[in-house]
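Residue-level structure breakdown
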Amino acid sequence: MEGFFAFAPALAHHSDGFAPEYFPRLVELESGHFWFEARNRIILLALRKYLSRAKSFLEIGCGTGFVLSSIRAQFPGMRICGSEISIEGLPIAAARLPGVDLFQMDARAIPFDSEFDGIGAFDVIEHIEEDRVVLHEIWRALKPGGAVLITVPQHPFLWSAVDEHSFHKRRYTAKELAGKLREAGFEVLCLTSFVSLLLPFLLLSRLRLRHNTKEIAPGAALEINPVLNQLFSSVLGFERLLIERGFVLPAGGSLLAVARRPGIEVGH
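The structure displayed is predicted, hence computed values, not measured ones.

Considerations on the pattern of salt bridges
All chains considered together, the criterion is met by 15 salt bridges. Across the pair E30 and R96 runs a salt bridge whose closest N-O atoms are separated by 3.0 Å. On the criterion of sequence distance, the pair formed by E30 in helix α1 (residues 23–30) and R96 in helix α4 (residues 90–96) is long-range, its members being 66 residues apart. You can call R96 partly exposed: its relative accessible area is 25%. Put simply, D131, R170, E176 and K180 are held in one network by salt bridges that share partners.

Some words on the environment of L231
One can find L231 in helix α9 (residues 226–244). By relative accessible area, which is 47% here, L231 ends up partly exposed. Sequence separation between L231 and A8 is 223 residues, and the spatial gap between their C-alpha atoms is 42 Å.

Observations concerning the pairing of strand β5 (residues 116–122)
Counting buried residues in β5 gives 7 out of 7 residues, a clear majority hidden from the surface. Across 4 bridges, strand β2 (residues 56–60) lies against β5 in parallel orientation. Looking at the pairing, E59 lines up with G120 of β5. The pairing of β5 with strand β6 (residues 142–153) spans 6 bridges and is classified as parallel. Its bridge partner lying in β6, F122 is registered against T151. Read from β5 through helix α5 (residues 131–141) to β6, the crossover connection turns out right-handed.

So, the sheet that holds strand β4 (residues 101–104)
One open sheet accounts for 8 strands, arranged β1-β4-β3-β2-β5-β6-β8-β7; its pairing is mixed. Edge positions in the sheet fall to β1 (5–6) and β7 (187–194), since each has one partner strand and no second. Pairing analysis gives 7 bridges linking β6 to strand β8 (residues 254–260), with the strands arranged antiparallel. Counted as the bridge partner of V148 is A259 from β8.

So, helix α2 (residues 34–50)
For α2, which comprises 17 residues, the first-to-last C-alpha distance of 24 Å matches the rise-based estimate of 24 Å (1.5 Å per residue) to within 8%. Most of α2 sits inside the fold, with 13 of its 17 residues counted as buried.

Some remarks on the packing of α5 against helix α7 (residues 174–183)
Running from N to C, α5 and α7 cross one another at 50 degrees; their axes reach a closest spacing of 9 Å. Comparing their axes, α7 and α5 come out oblique. Here α5 and α7 pass one another in a crossing that is right-handed. Facing α5, whose interface residues are D131, R132, L135 and H136, α7 presents K180, L181 and E183. Of the residues contributing to the contact of α5 with α7, the split by class is 2 nonpolar, 1 polar and 4 charged.

Criteria and thresholds
- Residues numbered from 1 in each chain as written.
- Predicted model: local features only at pLDDT ≥ 70, side-chain atom pairs only at ≥ 80, totals over all residues.
- Heavy atoms only, no water.
- Salt bridge = Lys/Arg side-chain N within 4 Å of Asp/Glu carboxyl O.
- Helix = DSSP H or I, 4+ residues; strand = E, 2+ residues; numbered from the N terminus.
- Buried < 20%, exposed > 50% of the residue type's maximum accessible area, 1.4 Å probe, protein only.
- Pairing = 2+ DSSP bridges.
- Right-handed = clockwise from strand over helix to strand, strands pointing away.
- Expected span 1.5 Å × (residues − 1).
- Axes fitted to C-alpha atoms, helices over the stretch in contact; angles between N-to-C directions.
- Parallel < 35°, antiparallel > 145°, perpendicular 65-115°, else oblique.
- Left-handed = near helix turned anticlockwise from the far one by under 90°.
- Contact = heavy atoms within 4.5 Å.
- Nonpolar A, V, L, I, M, F, W, Y, C, P; charged D, E, K, R; others polar.

Spatial relationships are all this shows, so hold off on functional conclusions.
Structure (structure tokens):
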């Protein structure tokens, strides 16, 4: 389908979790934006710590390929795959990731068994009503000893019109995400907040938008003054150093979880 293999063709143009027309706008926003760059660095930090010997990695909901491009640069010998339920995003990802295996797929029905050393879902499962099903499917698609890396928006009290226009089904608590991972059979290795030091700014922003009934243009909530962008980037750089040194941040706009399917650790 449109040059990409489709495992769930009936859903390729009919997802209720994301607006496909947003993909081109994401390309404009991601590179250099403090939040996307900080998330990438935290993901790479977790990969180096928990999956440094991994030989294969699948990103579910790879979007424009922004995260996978960083992973491929950091782990050039790793077999990397990316999937999207909306096929419209795959040509954009392919332009960033020549030679990478990209395909259309429904995360609620992953067509692999014990296939990957690592799987990533970065700000994806909050878009899916059946998140428990997705976590069980990820468990099945991982090799024994493999690990999943997940980022999600945190704290239900931050819910606002931004979440609604982003097609979110929920914002998570740490307890909820850890519980769902354990329910799916995972051993939780790491659970920490990030965007923690900016939480007061985020709370003020979300309170302002909580009762907004106007249409929010795609990406409007991510647009930021360049000076503030640089300042926030520096703040999150310090935050990353804390996480790297083993600090678990108890609150923040986002949540990172790393969990392992029981078995011999990959690479051993």
